[in-house]
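Single-letter residue listing:
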Amino acid sequence: MEAILTECVRNSLEHLLYRNAIFMCERLCAEFPSEKNLQLLASCYLRNNQAHCAYYILKGKQAAPCRYLFALSCFQMDLLNEAEAALSSTDVPNGAAGHYLLGLVYRYTDRRQRAINHFNQALSLDPLLWAAYEELCILGAAEEASSVFDKGASLCIQKQYLNHGSGTQSLQTPNEDHDGASSRTLGSEDISPRKLKQMHGNNLRDISGNYHGTTNQPVTGVPIGLPFYSTPSPVTTQAQLSGVAPPPLCRNVQPNGPNLRTYGADSTPRATVNSNIAGPRRKFVDEGKLRKRRSTRLAGGPKSSSVTTRSLTIRKGQSWASDATYEGARHDMDDESRLNATTSSSSPHGDNRAGPEGDARSSVAAVPCNSKVIDGASDILALLRLLGEGFRLSCLCRCQDALDTYTKLPPKHYNTGWVLSQVGKAYFELVDYLEADHAFTRARHFTPYSVEGMDIYSTVLYHLKEDMKLSYLAQELIYTDRLAPQTWCAMGNCYGLQKDHETALKNFQRAVQLNSRFAYAHTLCGHEYVALEDFENGIKSYQSALRIDPRHYNAWYGLGMIYLRQEKFQFSEHNFRVAFQINPFSSVIMSYLGTALHELRRNSEALEMMDRAILADRKNPFPLYQKANILASMENLDGALAVLEELKESAPRESSIYALMGRIYKRKNMHGKAMLHFGQALDLKPSATDVASIKAAIEKLHVPDELDDEEC
């Protein structure tokens, strides 16, 4: 009964029938209230997004898998202290996944170095745990991808998957753990742990180099037509492997037959038909678990592995009926079939001579699994090196380098939603909104179901003032996933573009409610508070974003802008400086940092920063304007006019340029030119505040500078 209920629960989980899995697992726990079954019930609740149920079920449990699931439920409920206690009370459970989860706990409790250590530990245990490398990139602590996904990682993957492939051949008794913690093989003699480790732990070099014989002879002595993982005949093994007999494994002698056969240590027919094997096959109570474990065989293996898989599938469909009706009738058939199989797998002399054709076919059957694992690991790591390096450079704000890296990807990987979203983000950071729009549009084309990066895409459309496209995007995201924070960020930007800041703020707050760890939503809330001139709540929103991600430079920039408007120039300079350290390539951040330095009367530093901002982005007119303003304050009027003349060529419709030129000409007592430029500024329809300022300057045109309270 326990095995049937367990299999039912696992089938329900596999088919995403979570309500049925929960119901049947409750029956299982009521009938058999073991910690293993409670763990299964908790996993059902977690998959059904009911972390609080898993929390109460697993509270106080000490088994490693239970502690991991309990910590995961605590993390989802934002009980980070309890999650940390569960993961770090003894050894970290669940290997790489446990270290990754503990790293997240440390990250969100502002213990950066510990988080980095656990993310690195997770990567060392599982080089394919991409999420850990992603977190290291976000923290700005990732090594170059080439040094992470290197040959050592390849060997680690090979070891894991070769051992996994060997491990799936072993069978479990009913009272053993279903996760494969303790498994043993069936045979006529016991195998020592040393020999078992030697068989299962060897990598390709050990397998290919630890035999004596001709180069075209199969490494493991596998007979023709048998799977690669099948056990060689013991006589052949002793001749080829220096007398070290590997553990007997379960193999399928007749791939198309209804039953699997097991073999002992002797290759003679008499030894094969012994009392332990010739009798009726002992039924396993928990055969569903065995099928579950076999189904995890290495994907993409050689043809021999697929033969074994097919035979297991046949057994899955046929053996249940045949066990009940065919058990007594097949006793006599077992002896004959085992005799035929043993005779065909070894010669009477035990030398396993199969002829030249047989040797070649056996050699091909022996090596492909390992070679495919090695080739597959190399291909995966080569891909991860490109993706990882591109993402690392993007997190370091080296966006052009990141774009160059992404272009090296094969087209089938480049034209995916995640990569194109990263490309769009890189163009967004480079303030190339048109290219960003193009990249995100392609991402939507290839993955219209994904919301990845749509918060940034909505901001791109906001800056481009594409109100129709932004409204359409927001509506599409509502239909796609109304519970994603990216959706409500797009809605907020849509209302923000219409100057409806209160409604925009409500949408951004909705995004925060859906995911309180979404830093960009907090930052957008801060922007709207600033637009409403609620600086106190704006500061709180920016600080909330920084508690989630200290490298979120947009929040540092927002704080700097608030303090600049409040004329707290030292605070402003500090926040702009931190933002500049995180993103040293942003022309906007350099410009405002230079502005804060100018207000602190540190004009030489301000000029240097403005020059760097101009070089970073020559299309940005703001640093040129601020440089002219600084030069005018230093009484370098001719230099200021030269900068403004250059700026006038690139931004001919900016009224502030003409207004500043008018003030400079006034200071040079060139009233005619001053009046001309003031008039041109008014013709360009500036804001109401600028209009008042320009008219006041015109009224005081003939007032001497020393009597003029107006500061340039």
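Residues numbered from 1 in each chain as written. Predicted model: local features only at pLDDT ≥ 70, side-chain atom pairs only at ≥ 80, totals over all residues. Heavy atoms only, no water.

**Section: the overall build of the protein chain**
Piece 1. Across its full length, the protein chain holds 40 helices and zero strands.
Piece 2. Expressed as a percentage of the 712 residues in the protein chain, the buried residues total 49%.
Piece 3. Within the protein chain, counting contacts between residues at least 6 apart in sequence, those at least 24 apart form 56% of the total.
Piece 4. Summing over all exposed atoms, the protein chain offers an accessible surface of approximately 35,000 Å²; the carbon and sulfur share of this is 53%. (Helix = DSSP H or I, 4+ residues; strand = E, 2+ residues; numbered from the N terminus. Buried < 20%, exposed > 50% of the residue type's maximum accessible area, 1.4 Å probe, protein only. Contact = heavy atoms within 4.5 Å. Areas by Shrake-Rupley, 256 points an atom, 1.4 Å probe, with all protein chains shown as cover.)

**Quick word on the side chain of E84**
Piece 1. On the secondary structure map, E84 appears in helix 6 (residues 80–88).
Piece 2. Excluding anything up to four places from it in sequence, E84 contacts L102, V105, Y106, R111 and R114.

**Here's the deal with helix 39 (residues 671–683)**
Piece 1. Here helix 39 spans 18 Å end to end across 13 residues, near enough to the 18 Å set by a 1.5 Å rise per residue.
Piece 2. Among the residues of helix 39, those classed as buried are A674, H677, F678 and A681. Down the axis of helix 39, the smallest arc covering the buried residues is 105°, so these residues share one side. Opposite the buried face of helix 39, by more than 90 degrees, sit the exposed residues G672 and D683.
Piece 3. Taken together, the buried residues of helix 39 touch helix 37 (637–650), helix 38 (655–667) and helix 40 (688–699).
Piece 4. Phi for K685, located one or two positions after helix 39, is positive at around 55°. (Expected span 1.5 Å × (residues − 1). Arc of directions from axis to C-beta.)

**Overview of the pattern of salt bridges**
Piece 1. Throughout the structure, instances matching the rule amount to 18 salt bridges.
Piece 2. Where R444 meets E476, a salt bridge forms, and the shortest distance between an N and an O atom there is 2.9 Å. Taken as a pair, R444 in helix 25 (residues 433–446) and E476 in helix 27 (residues 467–480) lie far apart in primary sequence, 32 residues in all. (Salt bridge = Lys/Arg side-chain N within 4 Å of Asp/Glu carboxyl O.)

**Section: the packing of aromatic side chains**
In this description, a pair of aromatic rings is defined by centroid distance and the angle of the planes.
Piece 1. According to the stated counting rule, one finds 16 aromatic pairs in the structure shown.
Piece 2. Ring geometry for Y55 against Y56: centres 5.1 Å apart, planes inclined by 85°, an arrangement best described as edge-to-face.
Piece 3. Summarising the aromatic geometry, the rings of Y557 and Y592 are spaced 5.9 Å apart at their centres and angled 70° between planes, so their arrangement reads as edge-to-face. Of the two residues, Y557 is situated in helix 32 (residues 553–565) and Y592 in helix 34 (residues 587–599); the sequence distance between them amounts to 35 residues.
Piece 4. By way of ring pairs, the aromatic residues W130, Y133, F149, F391 and W418 are connected into one cluster.
Piece 5. When the ring centre of F75 is taken as reference, the NZ or CZ atom of R517 above it lies at 4.3 Å.
Piece 6. Geometry around Y108 places R517 over its ring, the cationic atom sitting 5.0 Å from the centre. (Phe/Tyr/Trp six-rings, centres within 6.5 Å; stacked < 30°, edge-to-face > 60°. Lys NZ or Arg CZ within 6 Å of the ring centre and 35° of its normal.)

**Observations concerning helix 38**
Piece 1. A rise of 1.5 Å per residue sets the reference length of helix 38, with its 13 residues, at 18 Å; its end C-alpha atoms lie 19 Å apart and thus fit the reference within 8%.
Piece 2. For helix 38, the complete set of buried residues consists of S655, I657, Y658, A659, L660, M661, G662, R663, I664, Y665, K666 and R667.
Piece 3. Contacts made by the buried residues of helix 38 are with helix 36 (622–633), helix 37, helix 39 and helix 40.
Piece 4. Where helix 38 terminates, the next one or two residues include N669, which has phi positive at roughly 60°.

**So, the environment of A85**
Piece 1. Tracing the backbone shows A85 in helix 6.
Piece 2. For A85, a relative accessible area of 43% gives the class partly exposed.
Piece 3. When the C-alpha positions of A85 and A71 are compared, they lie 8.2 Å apart, and in sequence the two are 14 residues distant.

**Digging into the packing of helix 24 (residues 417–429) against helix 25**
Piece 1. Closest axis-to-axis distance for the helix 24/helix 25 pair is 8 Å, and the angle between their directions is 165°. Taken together, the axes of helix 24 and helix 25 are roughly antiparallel relative to one another. For the pair helix 24 and helix 25, the crossing hand works out as left-handed. On the side of helix 24, the interface is formed by G417, L420, S421, V423, G424, K425, Y427 and F428, while helix 25 contributes Y433, E435, A436, A439, F440, R442, A443 and F446. (Axes fitted to C-alpha atoms, helices over the stretch in contact; angles between N-to-C directions. Parallel < 35°, antiparallel > 145°, perpendicular 65-115°, else oblique. Left-handed = near helix turned anticlockwise from the far one by under 90°.)

**Concerning the packing of helix 36 against helix 38**
Piece 1. Two numbers describe how helix 36 lies on helix 38: the axes approach to 11 Å, and their chain directions differ by 15°. Relative to helix 38, the element helix 36 is oriented roughly parallel. You can see that helix 36 and helix 38 cross each other, and the crossing is left-handed. Along the contact surface, helix 36 presents Y625, A628, N629 and A632, while helix 38 presents S656, I657, L660, I664 and R667.

**A short note on the state of the cysteines**
Piece 1. The full count for this structure, using the stated rule, is zero disulfides.
Piece 2. C395 supplies the cysteine sulfur nearest to C137, a cysteine that is in no disulfide, at a spacing of 5.2 Å.
Piece 3. According to the relative accessible area criterion, C137 is buried, its value standing at 2%. (Disulfide = S-S within 2.5 Å.)

**A few points about the layout of surface pockets**
Over the atoms a probe the size of a water molecule is rolled, and this reveals where empty space is left.
Piece 1. By volume, the largest pocket amounts to about 1,700 Å³.
Piece 2. Surrounding the largest pocket, 45 residues form its lining, Y433, Y462, H463, Y557 and V588 being those nearest its centre.
Piece 3. Among the elements of the structure, helix 24, helix 26 (454–464), helix 28 (485–497), helix 30 (519–531), helix 32 and helix 34 are those that each provide at least two residues to the lining of the largest pocket.
Piece 4. Within the lining of the largest pocket, the residues separate by chemical class into 23 nonpolar, 13 polar and nine charged. (1 Å grid on protein atoms, 1.4 Å probe; cavity = no way out; pocket = protein on both sides within 12 Å on 5 of 7 lines; lining within 4 Å. Points joined across faces, edges and corners; volume = space filled by probe spheres on them. Nonpolar A, V, L, I, M, F, W, Y, C, P; charged D, E, K, R; others polar.)

**Here's the deal with the nonpolar core**
Piece 1. Counting 76 residues, the largest nonpolar core has V9, C25, F119, Y133, F149 and Y406 as the members making the most contacts within it.
Piece 2. Setting aside chain neighbours within four positions, we find V9 in contact with A21, M24, C25, L40 and C44. (Core = buried A, V, L, I, M, F, W, Y, C linked by side-chain atoms within 4.5 Å.)

**Things to note about the environment of Y18**
Piece 1. Take Y18: it is sitting in helix 2 (residues 18–31).
Piece 2. As a C-alpha pair, Y18 and R47 span 29 residues in sequence and 7.2 Å in three-dimensional space.
Piece 3. Residue contacts for Y18: discarding those within four places in its chain leaves L13, R47 and N48.

**Brief notes about unusual backbone geometry**
Piece 1. The residue R601 is not glycine, and still its phi comes out positive at about 65°.
Piece 2. Along the chain, R601 turns up in the loop between helix 34 and helix 35 (603–616).

**Things to note about the environment of E567**
Piece 1. Within the fold, E567 resides in the loop between helix 32 and helix 33 (569–582).
Piece 2. A relative accessible area of 59% places E567 in the exposed class.
Piece 3. Each C-alpha atom of the pair E567 and A596 lies 9.2 Å from the other, and the pair is 29 residues apart in sequence.

**What about the confidence of the model for the protein chain?**
Piece 1. Residue-level pLDDT values for the protein chain average 77, and 70% of them are 70 or greater.
Piece 2. Of the regions scoring below 50 in pLDDT, residues 167–358 engages in 282 contacts with residues more than four places distant in sequence or in other chains.
Piece 3. Across residues 360–367, confidence stays below pLDDT 50; counting only partners more than four residues off in sequence or on other chains, it has 18 contacts. (pLDDT = per-residue confidence, 0-100.)

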